[in-house]
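Topology and contacts: notes
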Amino acid sequence: MKFLRRFLIRVANFATRRRADQRLRDEIAEHLALQIEENLRAGMAPAEARRQARLKLGADEAIREDHHAEQSLPFVENLFQDLRFAARMFLRSPGFSLIVIATIALGVGATTAIYSVIDATLLHPLPYPNPNELVRIEDDLPGVGAQDVSVSVPEWKDLENSGIFQYVAIDFFGSSNLTGSAQPTRIAAKVVTPNYFAMLGVGAQLGRTFDPGDNTPGFNLEAVISDGLWKRAFGADPRILGKTVRMDNDVYQVVGVMPPGFRDQGKTTEERNTEAWSAAGFAAVPFPPALRNSRFGTAFARLKPGLPVASAQAHIDALVASLTKQYPADYPAQAVWNIRLIPLAESLVGNVRQSLILLFGAVGLVLLISCVNVANLLLARASARGREMAVRQALGAARTRLIRQLFTESLLLFVLGGFTGFAVLFCARKFLLQFVPESLPRLNEISISWGVLAFAIVVSIAAGTVFGLAPAWLMSRLDLNTTLRQEGRGSNGSQQRSRLRHALVIGELALSLVLMIAAGLLLRSFWDLFKVQPGFNPSRVTAIETWLPVPNDPKTDIYSTATQESVLLREVLRRNRALPGVEETAVGDRAALPLGHGKDDLNMSPLIREGQDVQSSQPPLIDTSFVSPEYFHLLGMTLLRGRLFVDQDLEDTPSIAVINQAAARTYWPNQDPVGKRVRLRAEKPDWTTIVGVIADARTESLADAAIPQVYLDIYQRWAKDLAFFLRGQVDPATIAAQVRTQIQAVDPRLPVFHAATLDDVLSSSLSVRRFSMEMVALFAATALLLAGLGIYGTISFLVHEQSREIAIRLALGAQRRDILKMVLRQGLTLAAAGAGVGLIGALIVSHLMASLLYGVSPYDLSTFAGVTAVLTAVAIAASYVPALRAMRLNPNTMLRSE
Amino acid sequence: MKEKPDVLQGTLALMVLKTLDVLGPQHGYGIARRIEQISGDLLAVNQGSLYPLLLKLEHEGSIASQWGASENNRRARFYRLTEAGRKQLRAQTRDWEQTAAIITRFFNVKAEDLL
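Residues numbered from 1 in each chain as written. Chains lettered and ligands numbered in written order. Predicted model: local features only at pLDDT ≥ 70, side-chain atom pairs only at ≥ 80, totals over all residues.

1. Some words on the overall build of chain B
Along chain B, the regular secondary structure elements total four helices and three strands. Starting at the N terminus and walking to the C terminus, you meet the elements of chain B as α-β-α-α-β-β-α. When the 115 residues of chain B are sorted by exposure, 25% land in the buried category. (Helix = DSSP H or I, 4+ residues; strand = E, 2+ residues; numbered from the N terminus. Buried ≥ 20, exposed ≤ 12 C-beta atoms within 10 Å, placed from the backbone.)

Laid out in structure tokens, this is it:
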């Protein structure tokens, strides 16, 4: 307390110091006058009276100084003095200051921009209280090569009773048709266990969420809606609570409206924008009987407070072991059933993490390069100011004081640069956000917050400290004698300084080489992916989705059989074919949509092959799509063996399937799969015959050449999530409306949404890759530019330093060509050293980023060689200008001017 | 020659406060004179160091000052004790007496008292 008070007094004094000092002076003068008067009265001679008075008083200057030192803040005063001086220095060489500030602004601004993305996605991915307690529960069956196979209701109960969770909830994401408003709309909807919101820890803005203690086995027919839906479909009706909504023809009572900022958790943008939630116990109609092997939905949980994920995982491992022993029939040993707890934040960010870390690394290198560049500039100026430093030192300035002065100058430059970078970023944030791919999780949460500002400030100060201190230290290390005698006469600076400058340029070149090689590898991966033969023909194909309602009571479902549904499908297809420009049409389920869906939408079926002992081996899971016969031709998938579906295949004819080559290779190696029989539903003994094999197509991911696929005839098995495909010259702007009219002419309650051309889908499936490739390429170009400037600056400086020597050589008859060669050789030496160091760094980095590459080896020779050549070329070009200057030096003027 | 004792840290402030308490408002020279007078030239008060102290005391709020005219009509700054200063003086006097009493007791103690 006392310290604080004293400090505050000192601060106050600092502001009023002039007044206090004046007063002290006045009073001392008064005191002396009184004392002298008295001394005179005592009979002293005037001179003696003055002398005695002064003696008695003591040294008044010293008193004032002491007072000042004790009562004020000398550190701050010096700082202000240094800052004032620094500002004057900047104004004296505005070009230099601007270049330095701009370079730092570039580095700090870019780093801060990427940091703001990381801040939103990686550091604060969950807008829920105590996000560290939230985990995603994934069941794996590694024995059959299946990951994340969902959870069953008995397992859910086991987890709830395990005692390590506050809540365990299941969610099942899908769509619902919201009817009743003018246009039937399809909304993203989730079925959740009633404790879902309690688990997330979020309450409603209006009404309530579901009661976590609710034990209704089926749907409890309550609905919670999002703020967006409330405003859009219900006009923000304040009396919405208790009203009913129809979703998939079922009537739900609205019990709550979520707050405006609420975003659901989920892996896809669509899921995060869920607009309606209904609650169910997942154990009664319309859900299948609660068996251990009937898995669906994803489980999430909130851990007990303070319980680390690792110890929770240990608990779960023990639970899994005991359950496996207890139910050997449900958990066959070879399936190796296990459960993983993954921090929810981590599970949501998933594959983006790597790309973002790569970007952050890249931008960090840019920052480093710009700092090195600035340090280099500062050193160059140090040489120019050597004389100033020497004079100051000769006049008695302490070395620490000089270092502080120089350090203040560079720190001020860094902080100004950082602020400029931040300000530019802040002003341009809207513009920049356009370039971020939409598929990035939590895109909407990216903001330039206080945390981001703090980051920018810390980065600039840290960079300023590291890269400002060294030049300041070196600058103050002068040999007074030689400097004062030689400086200004074309001498060269200290050996140490030039060695440091060379090291800096070499480092800069090495760092840029690393970045450029990373960018080159990413570019090649992207190009390869872009050019890859997808195995299907996406051009001129438009896909439009619809969703058939799934009422909770199957009896009210008018599309409950494939035959009932086929009437609708055939009629819509017939009408679509008649649309202008349409050449071909087909229909499939959402899983048949190439590249257009996230992992959660995959339709995985157990593949039980005839003749295999079902009891002893858990069947593998296979990607399953339902398609109409025209699908294969429309997408240009080639039949390799057997036949495709035909119009004669109906619900009551034998069930048939088409598989792709990867499935044939994986499950019937060295056999002909045509004619083999499989079951794709564990609970029903209906055999499906494989009738054809098609060539592999990259419909799941462009990067994956061969994922086993099985296609079923949509006229034999119904699907609710439908995608209509049209090939032809159609008007993308109106096609959605045209198709909507046609579909709703058949059934006016069906929503129509998500019209997209497959070309767009294809390109957006590459968006994150493209984003990181473009960003890294941009950073690499920046780095190259900075490195070019760095080497230019260094060579220019060398030429300047050696101009006297060059002039003498020329005067003694050296060939101008030799001079040119000599200077270029210096540039080339630096470039070669930089490239050597850089290549080692690049090998390490490319090894680390191997998983982000596609189709190109991390040690791709042509990329490495090409990039090194480019860097060398830039280095030579940058040295050429100063080399020319050296060559054209006029020895006559040069030597006389000194 | 024996050196005169230095004014203990903090005691000069106490002397200033007490002087102002006894004599009422005084100018700096006056205070310096009184201290010299009372201590009977035993203390070597560097008179110059009084002024920073006065400034400091005023900042801390123990004393207040204003310009006025001295006896012989010179302009001088007059200091007076504030309420806070009076309180501080009382507290410090108590502390001082306590300290002095304890020290006295230590000086008076004989070996047999402690047996």
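2. Points about the interface of chain B and chain A
Listed by partner, the interface residues are 14 residues for chain B and 17 residues for chain A. For the side of chain B that touches chain A, the secondary structure elements donating two or more residues are α2 (28-38), α3 (50-60) and β3 (75-81) of chain B. Per-element tally for the side of chain B that touches chain A: the top contributor is α3(B), with five residues. Of the residues belonging to the side of chain B that touches chain A, the class tally is five nonpolar, six polar and three charged. (Contact = placed C-beta atoms within 7 Å. Nonpolar A, V, L, I, M, F, W, Y, C, P; charged D, E, K, R; others polar.)

3. Side note on the packing of helix α24 (residues 767-811) of chain A against helix α25 (residues 816-848) of chain A
All names here are of chain A. The geometry of α24 relative to α25 is characterised by a closest axis approach of 10 Å and an angle of 150° between their N-to-C directions. For the element pair α24 / α25, the angle class is roughly antiparallel. In this structure, α24 meets α25 at a crossing whose hand is right-handed. For the pair α24 and α25, the contacting residues are I791, T794, I795, L798, V799, I806, R809 and L810 in the first and I819, V823, Q826, G827, L830 and A831 in the second. Residues of the contact of α24 with α25, tallied by class, amount to 10 nonpolar, three polar and one charged. (Axes fitted to C-alpha atoms, helices over the stretch in contact; angles between N-to-C directions. Parallel < 35°, antiparallel > 145°, perpendicular 65-115°, else oblique. Left-handed = near helix turned anticlockwise from the far one by under 90°.)

4. Comments concerning helix α1 (residues 11-23) of chain B
All names here are of chain B. With 13 residues, α1 should cover 18 Å at 1.5 Å per step; its first-to-last C-alpha distance of 18 Å lies within 8% of that length. Three or more residues of α1 are buried, namely A13, M15, V16, L17, T19 and L20. Backbone geometry just downstream of α1 places G24 in the positive-phi region, at approximately 75°. (Expected span 1.5 Å × (residues − 1).)

5. Quick word on unusual backbone geometry
Residue and element names in this part refer to chain A. A positive phi is found at R540, a non-glycine position, where the angle reads about 60°. Within the secondary structure, R540 sits in the loop between α18 (495-531) and β11 (541-547). R540 sits in the partly exposed class, given 16 other C-beta atoms within 10 Å. A positive phi angle, near 60°, is found at N670, a position not held by glycine.

6. Things to note about the environment of A:V151
Residues and elements named next belong to chain A. Structurally, the position occupied by V151 is in the loop between β1 (134-140) and α6 (153-160). Under the C-beta neighbour-count criterion, V151 is labelled buried, with 23 such atoms within 10 Å. As for V151 and G306, which are separated by 155 residues in sequence, their C-alpha atoms are 25 Å apart. V151 has contacts with I137, D139, W156, I170, R295, G297 and A299, leaving out every residue within four places of it along the chain.

7. Overview of the sheet that holds strand β2 (residues 63-69) of chain B
All names here are of chain B. What the three strands build is an open sheet, ordered β1-β3-β2; its pairing is antiparallel. The open sheet has two edge strands with one neighbour each: β1 (26-27) and β2. Pairing of β1 with β3 involves two bridges; the strand directions are antiparallel. The residue of β3 that forms the bridge with Q26 is Y79. Of the strands in this sheet, β1, β2 and β3 are in contact with α1, which crosses β3 at around 95°. (Pairing = 2+ DSSP bridges.)

8. Some words on the packing of helix α12 (residues 352-384) of chain A against α24(A)
Helix packing for two helices is described by the angle between their axes and how far apart those axes are. All names here are of chain A. Across the interface, α12 lies against α24 with an axial gap of 10 Å and an inter-helix angle of 15°. In terms of orientation, α12 lies roughly parallel with respect to α24. In the crossing of α12 with α24, the sense of the turn from one axis to the other is left-handed.

9. Points about the domain arrangement of chain A
All names here are of chain A. Domain annotation of chain A identifies domain 1 (2-72), domain 2 (74-130 + 350-488), domain 3 (142-314 + 322-336), domain 4 (498-534 + 769-898) and domain 5 (549-749). Measuring from the centre of the C-alpha atoms in domain 4 to the corresponding centre in domain 5 gives 55 Å. If you look at the interface, domain 4 gives four residues, while domain 5 gives four residues. A per-class count over the side of domain 4 that touches domain 5 returns four nonpolar, no polar and no charged. (Domains from an automatic or database assignment.)

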